[in-house]
Amino acid sequence: MAAPTSPARRAAVVYNPVKVDVDELRATVDAAAKDAGWGETLWLETSVEDPGIGQAREAAAQGAEVVLAAGGDGTVRAVAEGLRDSDAALALLPSGTGNLLARNLELTLNHLGDSVRTAFTGKDRPVDLGIAELRREDGSTEEHAFLVMAGIGIDAKMIANSDEELKKRVGWIAYIDAIRKAVRDSNSMRVKFRVDDGPTKAMTAHTVLVGNCGSLPGNILLLPEAAVDDGLFDIVSLRPESFVGWAQVWVKIFWENGVLRRSTVGRKLMGMTREVRALRYLKAARFELILDHPEEFELDGDDFGMVTGFRCTVDAGAVRIRIPEDREIDVPDPEEVAQSLEATRAAVAETEPAT
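Residues numbered from 1 in each chain as written. Predicted model: local features only at pLDDT ≥ 70, side-chain atom pairs only at ≥ 80, totals over all residues. Heavy atoms only, no water.

Q: I keep staring at the overall build of the protein chain and nothing clicks. Help me out?
A: Of regular secondary structure, the protein chain possesses 11 helices and 16 strands. Counting across all 355 residues of the protein chain, residues that qualify as buried make up 49%. Relative to all contacts within the protein chain whose residues are 6 or more apart in sequence, the contacts with residues 24 or more apart total 71%. When the accessible surface of the protein chain is summed, it comes to about 17,200 Å², and 51% of that surface belongs to carbon and sulfur atoms. (Helix = DSSP H or I, 4+ residues; strand = E, 2+ residues; numbered from the N terminus. Buried < 20%, exposed > 50% of the residue type's maximum accessible area, 1.4 Å probe, protein only. Contact = heavy atoms within 4.5 Å. Areas by Shrake-Rupley, 256 points an atom, 1.4 Å probe, with all protein chains shown as cover.)

Laid out in structure tokens, this is it:
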């Protein structure tokens, strides 16, 4: 009597038909699945009503071992939310203008075959998932997940002002026009905030970003200490009060973070630089912010409308990302994390109390 055969391993593809060439994608995935000895792939298309959350949950329920997210950052974010704490891994097939998570994990951006091959032959890396609870003007709340950043202020206004047709034609450069529209407005925000279980404090800022990753397109390293698997957010507030303040912000982000920090010699030179008042960094597993008036809010590069406040919480290791088999995984240094948390406590202690 022949021994029973084990069921074939199965993958699923959740794809945005607007962002991908479906025929090319099917041919590439089917060939890779056959080479790897896997069974028939499950195909699930996103929609305006459901950008990928329900499709990812269906894929996991049907036993998919890995779910390939084919689309832009919004598709990746939605699929990750749907796979939260499931047994299925998430594989990235980058498309669109941002590809923020893929950039931060240093995954292939422009080679579909390599990305698909990684989905079937790679290994899993647990990463943190951010959970954002948004409070709307009418007092209602809603919850969304994110992988890269949550933002309010100029950052969110830039995304709200971006021209989708221009993005299709010229990619990330389209955001330059959106930045121009955002900075011409009055952008100063008076906010109350709370870090973990600490006291409620107050500050004025132009932008507040809560990040799980640190790099943006254009070689911008906004959050230099951010790690996708340390169980913490890196938070930055931009609060320049003059042209000099804005100049200090750009020098810090583009020169120190973007150039000096990337080399041994540069990091030594950074030891001689000073922190600037216009830019504040914090770390926390939970961050809450209350606004004095509604503002635009964004998650992973997508506009989420107007909010009067939000709370972000880390769900540590909630999603597993498929990466190349030969890729080494850097483990956060506990001592460095502890030092950063101590610096956060000191910075918060010096901040004015909320009234």
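What follows continues from the structure just given.
Q: How should the nonpolar core be read in this particular structure?
A: Nonpolar side chains in soluble globular proteins tend to end up buried together. Grouped together as the largest cluster of nonpolar side chains are 40 residues, with contacts concentrated most on Val67, Leu90, Leu101 and Ile321. In terms of residue count, strand S16 (residues 302-323) provides more of this core than any other element does, 4 residues in total. If you look at the next biggest cluster of nonpolar residues, it comprises 29 residues, including Ala132, Leu134, Ala150 and Phe297. (Core = buried A, V, L, I, M, F, W, Y, C linked by side-chain atoms within 4.5 Å.)

Q: Help me understand the side chain of aspartate 73, please; the structure alone is not making it clear to me.
A: Position of aspartate 73 relative to the elements: it lies in helix H3 (residues 73-82). One buried charged residue, aspartate 73, forms no salt bridge at all, with the nearest opposite charge on arginine 103 at 7.0 Å. One polar contact links the side chain of aspartate 73 to the main-chain amide nitrogen of leucine 100, over a distance of 2.9 Å. Excluding anything up to four places from it in sequence, aspartate 73 contacts Gly98, Asn99, Leu100, Leu101 and Asp300. (Lys, Arg positive; Asp, Glu negative; His and termini not counted. Salt bridge = Lys/Arg side-chain N within 4 Å of Asp/Glu carboxyl O. Polar contact = N/O pair within 3.5 Å; in protein donor to acceptor, adjacent residues only side chain to side chain.)

Q: Sorry if this is basic, but what is going on with H3 here?
A: Structurally, the α-helix is built with 3.6 residues per turn, so residues lying three or four positions apart point the same way. Extensive coverage of H3 is indicated by the burial of 10 of its 10 residues. Turning to H3, its buried residues are Asp73, Gly74, Thr75, Val76, Arg77, Ala78, Val79, Ala80, Glu81 and Gly82.

Q: How should I be thinking about the side chain of arginine 322 in this particular structure?
A: Checked against the element boundaries, arginine 322 lands in strand S16. A distance of 2.4 Å separates the side chain of arginine 322 from the side chain of aspartate 124, its partner in a polar contact.

Q: For this particular structure, what's the right way to read the packing of helix H1 (residues 22-36) against helix H5 (residues 112-121)?
A: Angle between the axes and distance between the axes: these two values describe a pair of packed helices. It is the contact of H1 with H5, at a shortest axis distance of 9 Å, that shows an interaxial angle of 40°. Overall, the two elements H1 and H5 adopt an arrangement that is oblique. Two packed elements cross with a definite hand, and for H1 against H5 that hand is right-handed. Across the interface between the two elements, Glu24, Leu25, Thr28, Val29, Ala32, Ala33 and Ala36 of H1 pack against Leu112, Gly113, Val116 and Phe120 of H5. Taken together, the residues that form the contact of H1 with H5 break down as 8 nonpolar, 2 polar and 1 charged. (Axes fitted to C-alpha atoms, helices over the stretch in contact; angles between N-to-C directions. Parallel < 35°, antiparallel > 145°, perpendicular 65-115°, else oblique. Left-handed = near helix turned anticlockwise from the far one by under 90°. Nonpolar A, V, L, I, M, F, W, Y, C, P; charged D, E, K, R; others polar.)

Q: Honestly, the pattern of salt bridges in this entry has me stumped. Any pointers?
A: Any two side chains of opposite charge can pair, so long as their charged atoms come close to each other. Evaluated as defined, the whole model comprises 16 salt bridges. Taking the shortest distance from any N to any O, the salt bridge between arginine 311 and glutamate 133 comes out at 3.4 Å. On the criterion of sequence distance, the pair formed by arginine 311 in strand S16 and glutamate 133 in strand S5 (residues 123-135) is long-range, its members being 178 residues apart. Accessibility expressed as a relative area gives 28% for arginine 311, which makes it partly exposed. Accessibility expressed as a relative area gives 28% for glutamate 133, which makes it partly exposed. A salt bridge links arginine 311 to glutamate 288; the nearest nitrogen and oxygen atoms lie 3.4 Å apart. On the criterion of sequence distance, the pair formed by arginine 311 in strand S16 and glutamate 288 in strand S15 (residues 286-299) is long-range, its members being 23 residues apart.

Q: I keep staring at the confidence of the model for the protein chain and nothing clicks. Help me out?
A: As a note on interpretation, predicted positions should not be read in detail where pLDDT is low. Across the protein chain, pLDDT averages 83, with 77% of residues at or above 70. Within the protein chain, the lowest mean pLDDT, 43, falls on helix H10 (residues 264-270), and the highest, 98, falls on strand S2 (residues 42-45). Across residues 166-183 the pLDDT falls below 50, and counting only partners more than four positions away or on other chains, this stretch makes 25 contacts in the model. The low-confidence segment residues 263-273, where pLDDT is below 50, has 10 contacts with residues more than four positions distant or belonging to other chains. (pLDDT = per-residue confidence, 0-100.)

Q: Sorry, what's going on with the packing of helix H2 (residues 53-61) against H3 here?
A: At their nearest, the axes of H2 and H3 sit 7 Å apart, and the two run at 45° to each other. As judged from the angle between their axes, H2 and H3 are oblique. You can see that H2 and H3 cross each other, and the crossing is right-handed. Of H3, the residues touching H2 (which contributes Ile53, Ala56 and Arg57) are Ala78, Val79, Glu81 and Gly82. Taken together, the residues of the contact of H2 with H3 break down into 4 nonpolar, 1 polar and 2 charged.

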